[in-house]
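Report on the structure
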Amino acid sequence: MTDAATAPAFAETNSTTDDGIEKLPLQASDAATRVAAAADHGKRDLIGLSREELGAALAELGEKPFRVKQVWQWIYNRGVTDFASMSSLSKDLRAKLDEHFVIRRPVRQVEQTSEDGTRKWLMRFADGKEAETVYIPDMDQTRGSVCISSQVGCTLTCKFCHTGTQLLVRNLSSAEIVGQFMAARDSYGEWPSPTDESRLLSNIVMMGMGEPLYNYDNVVKALKILVDGDGIALSRRRITLSTSGVVPEMYRLGADINVNLAVSLHAPTDEIRSRIMPINKKYPLAELMKACREYPGVSNARRITFEYVMLKDVNDSDADARELARLVKGIPCKFNLIPFNAWPGSAFECSSWNRIHRFSDLLADLGFTAPIRMPRGRDILAACGQLKSASERERKSLLKARLEAGITDDDHD
Ligand code: SAH
Ligand code: SF4
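How each quantity is defined
Note that residues are indexed from 1 along each chain, following the sequence as it is written. For naming, the first written chain is A and the first written ligand is 1, with later ones following in the order written. Predicted model: local features are reported for residues with pLDDT of at least 70 only, side-chain atom pairs are reported and counted for 80 or more only, and whole-chain, interface and lining totals are derived from all residues. Neither water nor hydrogens contribute to the side-chain values; these are computed over all heavy atoms in the structure. A run of H or I in DSSP counts as a helix once it spans at least four residues, and a run of E counts as a strand once it spans at least two, with each numbered from the N terminus. Note on definitions: a residue-residue contact is assigned when non-hydrogen atoms from the two residues lie within 4.5 Å. Nearness of a residue to a molecule or strand requires only that one of the residue's heavy atoms be within 4 Å of it. Polar contact criterion, stated in full: a pair of N or O atoms within 3.5 Å, where within protein one must be able to donate a hydrogen and the other to accept it, and residues adjacent in sequence count only if both atoms are side-chain atoms. Accessible areas in this description were obtained via Shrake-Rupley with a 1.4 Å probe; residue shielding takes into account the shown protein chains only. Ten residues, namely Ala, Val, Leu, Ile, Met, Phe, Trp, Tyr, Cys and Pro, are considered nonpolar, four, namely Asp, Glu, Lys and Arg, are considered charged, and the remaining ones, Gly among them, are considered polar. Lines fitted to C-alpha atoms define the axes here, with helix axes fitted over just the stretch in contact, and angles between the N-to-C directions of these axes take values from 0 to 180 degrees. The scheme is simple: roughly parallel for angles under 35 degrees, roughly antiparallel for over 145, roughly perpendicular for 65 to 115, oblique for anything else. Take the far helix as your reference; a near helix turned counterclockwise from it by less than a right angle gives a left-handed crossing, and one turned clockwise gives a right-handed crossing. Here, a salt bridge means any Lys or Arg side-chain nitrogen found within 4 Å of an Asp or Glu carboxyl oxygen. Buried residues are those whose accessible area, probed at 1.4 Å on protein chains only, stays under 20% of the maximum for their type, while exposed residues exceed 50% and partly exposed ones sit between those limits. Among the buried residues, those of types Ala, Val, Leu, Ile, Met, Phe, Trp, Tyr and Cys that are joined through side-chain atoms within 4.5 Å form a nonpolar core. By this rule the span expected of a helix is its residue count minus one, scaled by 1.5 Å. Stacked, edge-to-face and tilted are the three classes for Phe, Tyr and Trp ring pairs, Trp counted by its six-membered ring, which pair at centre distances within 6.5 Å; planes under 30 degrees apart are stacked, over 60 edge-to-face, the rest tilted.

Considering the environment of Ser-87
Considering the arrangement of structural elements, one finds Ser-87 in the loop between α4 (66–77) and α5 (91–100). Through-space distance from the C-alpha of Ser-87 to that of Trp-74 is 9.2 Å; in sequence the pair is 13 residues apart. Not counting residues up to four positions away in its chain, the partners in contact with Ser-87 are Trp-74 and Arg-94.

Focus on the site of ligand 1
The environment of ligand 1 is formed by 20 residues, the closest being Gly-210, Ser-242, Ser-264, His-266 and Asn-341. One of the side-chain nitrogen or oxygen atoms of Glu-211 is found 3.5 Å away from a nitrogen atom of ligand 1. Within the complex, 95% of the 540 Å² of free accessible area of ligand 1 lies under protein. Every element with two or more residues in the shell around ligand 1 is listed here: β10 (239–243), β12 (304–310) and β13 (333–339). Its residues placed into classes, the shell around ligand 1 shows eight nonpolar, ten polar and two charged.

A short note on the packing of helix α6 (residues 174–188) against helix α7 (residues 216–227)
For the pair α6 and α7, interaxial distance at closest approach is 8 Å and the crossing angle is 40°. For the element pair α6 / α7, the angle class is oblique. The handedness of the crossing between α6 and α7 is right-handed. Across from Ser-174, Ile-177, Val-178 and Phe-181 in α6, the residues of α7 making contact are Asn-218, Val-219, Lys-221, Ala-222, Ile-225 and Leu-226. Residue composition of the contact of α6 with α7, by class: seven nonpolar, two polar and one charged.

Let's talk about the pattern of salt bridges
Across all of its chains, the model carries 24 salt bridges by this definition. Of the charged contacts, one joins Glu-349 and Lys-312 as a salt bridge, the two residues approaching to 3.7 Å between their closest N and O atoms. Of this pair, Glu-349 sits in the loop between β13 and α13 (353–365) while Lys-312 is found in the loop between β12 and α12 (318–327), placing the two residues 37 residues apart along the sequence. Measuring nitrogen to oxygen at the nearest pair gives 2.7 Å for the salt bridge that ties Arg-358 to Asp-318. On the criterion of sequence distance, the pair formed by Arg-358 in helix α13 and Asp-318 in helix α12 is long-range, its members being 40 residues apart. Look at Arg-358 and you get partly exposed, because its relative accessible area is 40%. For Asp-318, a relative accessible area of 19% translates into the label buried.

What to know about the nonpolar core
Grouped together as the largest cluster of nonpolar side chains are 108 residues, with contacts concentrated most on Leu-97, Phe-160, Leu-253, Leu-265, Phe-306 and Phe-335. For Leu-97, the contacting residues outside a window of four places in its chain are Leu-58, Leu-61, Val-71, Phe-83, Met-86 and Leu-89. One finds Ile-136, Cys-147, Val-205 and Ala-262 within the second-largest nonpolar core, a separate group that totals six residues.

Thoughts on α6
Taking 1.5 Å per residue, 15 residues should reach 21 Å; α6 reaches 22 Å between its end C-alpha atoms and fits that length. Looking one or two places after α6, you find Gly-189, whose phi comes out positive at around 65°.

Section: the packing of aromatic side chains
Scanning all chains against the criterion turns up seven aromatic pairs. For the pair Trp-72 and Tyr-76, a centre-to-centre distance of 4.7 Å together with 55° between the ring planes defines the contact as tilted. Of this pair, Trp-72 and Tyr-76 both sit in helix α4, four residues apart, roughly one helical turn. Taking the relative accessible area as the measure of exposure, Trp-72 reaches 1% and is therefore buried. Classification of Tyr-76 as buried rests on a relative accessible area of 1%. Judged by centre distance (5.9 Å) and plane angle (40°), the ring pair of Phe-306 and Phe-335 falls under tilted. Note that Phe-306 is positioned in strand β12 and Phe-335 in strand β13, a separation of 29 residues in sequence. Under the relative-accessibility criterion, Phe-306 is labelled buried at 0%. An aromatic cluster of at least three residues, connected via ring pairs, comprises Trp-121, Tyr-135 and Tyr-188.

Quick look at the structure:
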């Protein structure tokens, strides 16, 4: 299936509100799901279903509830992708499942491994849309984080972010979110799910393309699958979700799944933040700080991470560091200082190394942990959070998508 067949459907459903800040993405990737089902001759993908939904799907075939756990373990603990391998099920049942269902993965369209061990995939979904997933090993290479995307593109247009410049946006389904992690595990052959201590792919960061809290239902559903003890069984404490600060959904997240929280702060004042992050006009700093303070389980042992991209002469002065310390006072937190990753056409420069170190030292003097995130996978353009590289190929496909969707440059602010 080509982009040409699907692009108009997505373009129709994305809308812009009066303030121009929030362009609501599709609430579900229905069109993509339909395309996938067509490709599978109407068979339903079992990945991404909640336990209840899986139970209902099996009940339609006349199967008893205890089958849910069996099938779940085969899919999520053993990682099988075909029903024939489910040896604890009768041959008849395996054939019946095969007739009605598929176990799908996003296609690992491109796979690149950096000299430092970082591995990046371009994942291609059934409708031809693509997003990137990155594995970032710890320094000792015995474990690491998988950086997962939640949307294709992003509607929030933070001024320093390349993802925000993409015009065609859709939510990823729960299957596509879980599928990224499963495909990454396929790449390393990490099945069945190891115990927590010996996992190579030990952590998940929802820091890829998109704003995860603008795709709330699918993201939370996917996270619930990832932590389920009968399957992938990743601890909630090994999952971190990064948000630009969608305040109401931060409260929901704390109540629904309570994974670790990272907040893209990037500025010490409303004045600066609103300039570089339009969402700040909707949810200003006072509200954001309140939501952080009230996030369940936040303590010195479980701190909020404030991400802070270092932008030359925008947010990197000594005064900014001091103001920042005042802003977050009383919140158990640490900072993560991110050198700005420039992209062609971006209006910013990265602060100098001296400045970044000085900023980090100042915060440390004021009592905060503020490490500098060292760029990883530079040779394969694997910067997590700026996932779409500005390669010639991608620029061409963006242009193509724009033309197909009937969008001219004038439509985009
Ligand atoms: N939408 C979410 C998660 C994805 S972005 C969010 O904004 O938090 C992951 C991180 O990368 C965010 O902190 C984001 O601000 C940061 N980021 C985006 N573009 C960047 C760039 N060009 N250089 C460095 N960091 C960037
Ligand atoms: Fe979206 Fe996050 Fe990029 Fe902002 S920084 S445009 S919220 S992906």
